[in-house]
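Descriptive structure summary
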Amino acid sequence: MTKNLYPVPQAVKDRALISNEDYLAMYQESVANPDSFWAEHGKRLDWIKPFTQVKNTCFEPNKVSIKWFEDGLLNASYNCIDRHLKDNANKTALIFEGDSPEVSYSVTYQQVHDNVAKIANGLKKLGVEKGDRVAVYMPMTLDAIYAMQACARIGAVHSVIFGGFSPNAIADRIVDSQAKVIITADEARRGGRTVPLKANVDEALARKDVTSITHCLVFKNTQADVDFDPAIDVWAHELTADLPAVCEPEAMNAEDPLFILYTSGSTGKPKGVMHTTGGYLTYASMTQEFIFDIHPDDIYWCAADVGWITGHSYIVYGPMANGCTQVIFEGVPTYPSSSRIGDVVDKHQVTVLYTAPTAIRALMAKGDEPYATNKRDTLRVMGSVGEPINPEAWNWYYENIGNSQCPIVDTWWQTETGGIMITPLPGATDLKPGSATRPFFGVQPALADADGNLLEGAIDGNLVILDSWPGQARTIYGDHERFEQTYFSTYANRYFTGDGARRDEDGYFWITGRVDDVLNVSGHRLGTAEIESALVAHESIAEAAVVGYPHDIKGQGIYVYVTPVEGIEADEELTKAVRNWVRKELSPIATPDLIHWTTGLPKTRSGKIMRRILRKIAANEHQALGDTSTLADPSVVDDLIENRLNR
Ligand code: WTA
């Protein structure tokens, strides 16, 4: 049974870095005196030239500007690698666990250094210079991490594109960032299957508007035969073979861009969220240490993909800046069987595990298979990220993976926040299943109503953040106006998260989910607008509206309403074709779960689609449609209800 309060276990308290008293005092200090607080914690990094200025931020309309440590110089890759070499050159940095359980090996910090330096030199040889953008479309292999660190080393701005994205999505991201080089591999492996990465890149580069790429750097992974065009393609092993394993890290200003990562919003194309160097790395490293209670002998495993922000902050940057030993997992939790996560924990003696509710729910559906054959008794702390975790899944994770011994840190954050914002600390916070609990140091969350009034006490509202923190995104690449518009215009002088939340009587936050047109499908963020534009690009579709609906495993499923163009009769074959079309145009993660053909969509008299109604019907809550009197043609709704697909 799910209890509603889990106090910090004594054993966890005894060795924790931060106690509740520490938390309360440090939090107070962090919001009362952000300059001195962050000046102190900025010192956790090695600076080439120490900063003298700390916080210089403004959320005011038309003047949004975010700068931290702005006169300091440092290099992220130096901080993640070189500075550990003095004492820990032979410490294991990365433990690779392949898609196949037969494949695993480890590399030390020294080996990481040498690999990164060679690739960095290779990129230079291809003409990549400080400030240039480099697209990275890689499998979850060590080469992906080396590639990102190599960019950071020479001051190039990486733009990682998740390996599940399709050629069109790759092309869009290249065009927007004007990347000079793209780094990829022959193929990726995932769950016993392969993904044709190089072929996808070839198709993306063939699009006429993709003109910025001068070279495609290709790593061998599966050794598959791939098309190779010597005019543009370069094999990584050939390029780096004779290059030195030393490459002086570039001195970067704290506010120089470190990376761009595209994410979905409620309107238009994905936006390139831009993070800079000093503040981001300080925040990623500090949150990783305190939230997962990291000690030098920990074996840390974040089971995310480097294609998402979690892989950036909690694989490539935070843990490496802290000199952690970590598992890098190429595969999926359910392959070759649902015991994989527990098996990997036992195999590598993992002490900290960070995964997503969707993975937990998928395992939960498998009965006792996930935990029958493994012990997991090395685990001390477990994390959850990406979407709200329902108390049933929380409890299952706690009891069956964590043997009822490990605190669960339910970490709320976003691509735009750079690092975790609301979270328990293992040794400090009593847990309530389903609640992300309290803010991290320096984070001032608040709840606002539709008119922008801040709400007090135990209440529901829209989640805003009142002031800046070092890990905050600085802009949307090439479009600062959109940055202001998206995050700072709904509520003047506040950062609007796009999420709703409830605060309870103990001041704990419970994230209730997006309040905008962004879906969260298996922890992946997808804009309904993006899926709609892929749909209407299909020759048989006249109009499309996409909404989410509750889904047992994915959290949210994708419910698609489509009207066929005149003369087209929708049948099963067309439905199948449309499903494949979206996979191909956008990504398999955007595959519609339910496709509802209709002759009309509910619209207001001014022609605006009433999504509120479509959401209710998709959720099978059509009894509570609310006011439909403003509809141009109310009979459309009866027809939709009658033919609804989720019953
Ligand atoms: C959701 C992922 C509830 C939220 C790090 C947010 C969560 C969006 C949690 C960002 C959580 C993330 N509880 N909801 N612990 N973590 N979310 O940019 O809606 O891929 O706005 O970053 O995921 O997704 P993104």
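Residues numbered from 1 in each chain as written. Predicted model: local features only at pLDDT ≥ 70, side-chain atom pairs only at ≥ 80, totals over all residues. Heavy atoms only, no water.

Take the packing of helix α2 (residues 20–32) against helix α3 (residues 34–41) next. With their axes 5 Å apart at the nearest point, α2 and α3 run at an angle of 115 degrees to one another. Facing Met 26, Glu 29, Ser 30, Val 31 and Ala 32 of α2, the residues of α3 in contact are Pro 34, Ser 36, Phe 37 and His 41. (Axes fitted to C-alpha atoms, helices over the stretch in contact; angles between N-to-C directions. Helix = DSSP H or I, 4+ residues; strand = E, 2+ residues; numbered from the N terminus. Contact = heavy atoms within 4.5 Å.)

To continue, consider the sheet that holds strand β4 (residues 92–97). Read from one edge to the other, the open sheet built from seven strands follows the order β5-β4-β17-β16-β18-β19-β20, with strand pairing classed as mixed. Of all the strands in the sheet, just β5 (104–108) and β20 (408–411) have a single pairing partner and so form its edges. Within the sheet, the average angular offset between the axes of one strand and its neighbour, ignoring direction, is 20 degrees. Of the pairings in the sheet, the one linking β4 to strand β17 (residues 325–329) comprises four bridges and is parallel in character. Bridge pairing in β17 places Glu 97 opposite Phe 329. (Pairing = 2+ DSSP bridges.)

Time to look at the pattern of salt bridges. Scanning the model with the defined rule gives 30 salt bridges in all. A salt bridge links Asp 172 to Lys 269; the shortest N-O distance between them is 3.7 Å. Taken together, the residues span a long stretch of sequence, with Asp 172 in helix α7 (residues 167–177) and Lys 269 in the loop between β14 (257–263) and β15 (271–276) at a distance of 97 residues. For Lys 616, the salt bridge is made with Glu 621, and the minimal N-O distance between the two is 3.6 Å. (Salt bridge = Lys/Arg side-chain N within 4 Å of Asp/Glu carboxyl O.)

Glancing now at the domain arrangement of the protein. For the protein, the domain assignment lists domain 1 (11–440 + 460–502) and domain 2 (522–643). Placing a centre on the C-alpha atoms of domain 1 and another on those of domain 2 gives a separation of 33 Å. Contact residues are listed per partner, giving 25 residues for domain 1 and 19 residues for domain 2. Between domain 1 and domain 2, roughly 1500 Å² of surface is buried when both sides are summed, and carbon and sulfur atoms account for 45% of that area. Glu 416 serves as the salt-bridge partner of Arg 525, at 2.8 Å between the closest nitrogen and oxygen. (Domains from an automatic or database assignment. Buried area = accessible area lost by both parts, 1.4 Å probe.)

On to the state of the cysteines. Linking two cysteines covalently through their sulfur atoms gives a disulfide. As enumerated under the stated definition, the model contains zero disulfides in all. Of the cysteine sulfurs around Cys 406, a residue in no disulfide, the closest is that of Cys 302, at 16 Å. (Disulfide = S-S within 2.5 Å.)

The next subject is the sheet that holds strand β21 (residues 445–448). Across the sheet, which stays open at both edges, the five strands sit in the order β22-β21-β23-β25-β26 with antiparallel pairing between neighbours. The strands lining the two open edges of the sheet, one partner per strand, are β22 (454–455) and β26 (509–514). Sheet topology places β21 next to β22; two bridges connect them, and they run antiparallel. For Ala 448, the partnering residue across the bridge sits in β22 and is Leu 454.

To continue, consider the layout of surface pockets. Here the second largest pocket defines a volume of roughly 340 Å³. Looking at the second largest pocket, it is lined by 20 residues, and the ones nearest its centre are Ser 266, Thr 486, Thr 490, Phe 496 and Asp 516. Elements represented by at least two residues in the lining of the second largest pocket include exactly α16 (480–488) and β25 (495–503). If one sorts the elements of the lining of the second largest pocket by residue count, α16 sits on top with four residues. Partitioned by chemical class, the residues of the lining of the second largest pocket number four nonpolar, ten polar and six charged. (1 Å grid on protein atoms, 1.4 Å probe; cavity = no way out; pocket = protein on both sides within 12 Å on 5 of 7 lines; lining within 4 Å. Points joined across faces, edges and corners; volume = space filled by probe spheres on them. Nonpolar A, V, L, I, M, F, W, Y, C, P; charged D, E, K, R; others polar.)

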